[in-house]
Amino acid sequence: MNSEKDDFQQKNYIKKSFFYRFSQFVGFLLGARFFIAILLTFALYVSTFFLFNQDETFRKFVFDFKVHGIIFCTVLTILAGGIINQFYDFEKDYVVKPFRTRVQSFIKQKYFLYAYLVLSIISLGVAWMISHRVFVFFVVYQFFMWFYSHKLSRILILNNLTFVSLTLYPFFGMMVYYETFSKKVLLMAVFLFLILLCIDIVKDTLTKSVDKAFGYTTIPNYFKTKNSKIIIIFLLVITMTVSIKLILRTGISGFMAYYFSGGLFVFILCIYLLLSSYRRATFLILNILRLWVFVGIVAMLLNGLEGKL
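Just so it is clear, the model here is predicted, and its values are computed rather than measured.

Caption draft 1: Seen up close, the overall build of the chain. For the chain, the count of helices and strands is 14 helices and 0 strands. The linear arrangement of helices and strands in the chain, starting from the amino end, is α-α-α-α-α-α-α-α-α-α-α-α-α-α. Residue burial in the chain is summarised as follows: out of 309 residues, 46% are buried. Residue pairs in contact within the chain that sit at least 24 positions apart in sequence constitute 77% of those at least 6 positions apart.

Caption draft 2: View of the nonpolar core. Phe52, Phe138, Leu236, Met256, Phe260, Phe267 and Leu289 are the most contacted members of the largest nonpolar core, which has 84 residues in total. Dropping the residues within four chain positions of it, Phe52 is found in contact with Ser47, Phe171, Met174, Met175, Tyr178, Thr180 and Val185.

Caption draft 3: Focus on the packing of aromatic side chains. Throughout the structure, instances matching the rule amount to 16 aromatic pairs. Pairing Phe191 with Phe260 gives two aromatic rings, centres 4.9 Å apart and planes at 85°, and the pair type is edge-to-face. Taken together, the residues Phe191 in helix α10 (residues 183-206) and Phe260 in helix α13 (residues 254-275) connect sequence positions 69 residues apart. Grouped by ring-pair contacts, the aromatic residues Phe191, Tyr259, Phe260, Phe267 and Trp292 constitute a single cluster.

Caption draft 4: Geometry of unusual backbone geometry. Backbone geometry places Ile157, a non-glycine residue, at a positive phi of 70°. With respect to the secondary-structure elements, Ile157 resides in the loop between α8 (132-150) and α9 (158-178). On the accessibility criterion, Ile157 (39% relative accessible area) is partly exposed. With a phi close to 75°, Lys224 is a non-glycine residue in the positive phi region.

Caption draft 5: Seen up close, the environment of Leu51. Relative to the helices and strands, Leu51 is located in helix α2 (residues 34-52). Not counting chain neighbours up to four residues away, the residues in contact with Leu51 comprise Val46, Thr180, Lys184, Val185, Met188 and Met300.

Caption draft 6: The arrangement of the packing of helix α4 (residues 65-88) against α8 in detail. Look at α4 against α8: their axes get within 9 Å of each other, and the N-to-C directions meet at 15°. Here α8 runs roughly parallel to α4, going by the angle between their axes. For α4 against α8, the interelement crossing comes out right-handed. Contact with α4, carried on its side by Ile70, Cys73, Thr74, Thr77, Ile78, Gly81, Ile84, Asn85 and Tyr88, involves Val134, Phe138, Tyr141, Gln142, Met145, Trp146, Tyr148, Ser149 and His150 of α8 and no other residues of that element. Here the contact of α4 with α8 is composed, by residue class, of 11 nonpolar, 7 polar and no charged.

Caption draft 7: Molecular detail of the side chain of Ser153. Within the secondary structure layout, Ser153 lies in the loop between α8 and α9. Residues in contact with Ser153, not counting those within four places in the same chain, are Tyr148, Asn159 and Tyr216.

What counts, and at which threshold
- Residues numbered from 1 in each chain as written.
- Predicted model: local features only at pLDDT ≥ 70, side-chain atom pairs only at ≥ 80, totals over all residues.
- Heavy atoms only, no water.
- Helix = DSSP H or I, 4+ residues; strand = E, 2+ residues; numbered from the N terminus.
- Buried < 20%, exposed > 50% of the residue type's maximum accessible area, 1.4 Å probe, protein only.
- Contact = heavy atoms within 4.5 Å.
- Core = buried A, V, L, I, M, F, W, Y, C linked by side-chain atoms within 4.5 Å.
- Phe/Tyr/Trp six-rings, centres within 6.5 Å; stacked < 30°, edge-to-face > 60°.
- Axes fitted to C-alpha atoms, helices over the stretch in contact; angles between N-to-C directions.
- Parallel < 35°, antiparallel > 145°, perpendicular 65-115°, else oblique.
- Left-handed = near helix turned anticlockwise from the far one by under 90°.
- Nonpolar A, V, L, I, M, F, W, Y, C, P; charged D, E, K, R; others polar.

Put into structure tokens, the structure is as follows:
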């Protein structure tokens, strides 16, 4: 009888242990923004080969280990940035994202800090082996990742501008690496900057009360909801103007032309939702814009494949 009881307890312990370890693993992935890092990696490879890389063949690109090294360092830096950001925003996330915070609680915060240091050191080590310029590039990137989480995320307007700039920083690095400077690339960068800025402000609208409670001065809790909507509409109108310029002035064609044309209708829909009295309009706009960014990456991939083939 005791033997059966011991076996049951042992099996129960193994199940709990497995669940605990699995929860720790999932908690780490969520804390490091792992899935966002995967999306950015995909976007980096697509934009690097099909937008910035104008001369190299696919074979040469595959064996360009310097580029893969830079993207690898970028991914590690993004993971480290996600960890340090959740470390500073833990109390806020506990209210805004209770499920994720509960899963992350399976890992002590000190282990997140250890992971942050390890990822940062490996990233800088690989960057140093690539070149001194790449090393400096990632020192600057990591510093502003930390400084944003530590200080800038609480400062009005600077928080949004810094967040979007840090998101685009690796793409800027690739553009400089390949020396791809053109009107088309510049307008596409402005388009992406504006749409990401809209996403960040809309996201702040959803967490307005919590941000105010924890000392984050954002556009929605400083200018109030009505004025925030006017700002978002203004940014969407500018984004539409950039889209029209891309279509008419740069000779863009294929899937990307369809993407920027379709974007006009998407942004008009977002403006309509902002002006409507629909209760969940803000949440819907946020997901529409996020989806449209992903559609843009896929459109660039398909456009590139069409051009190469």
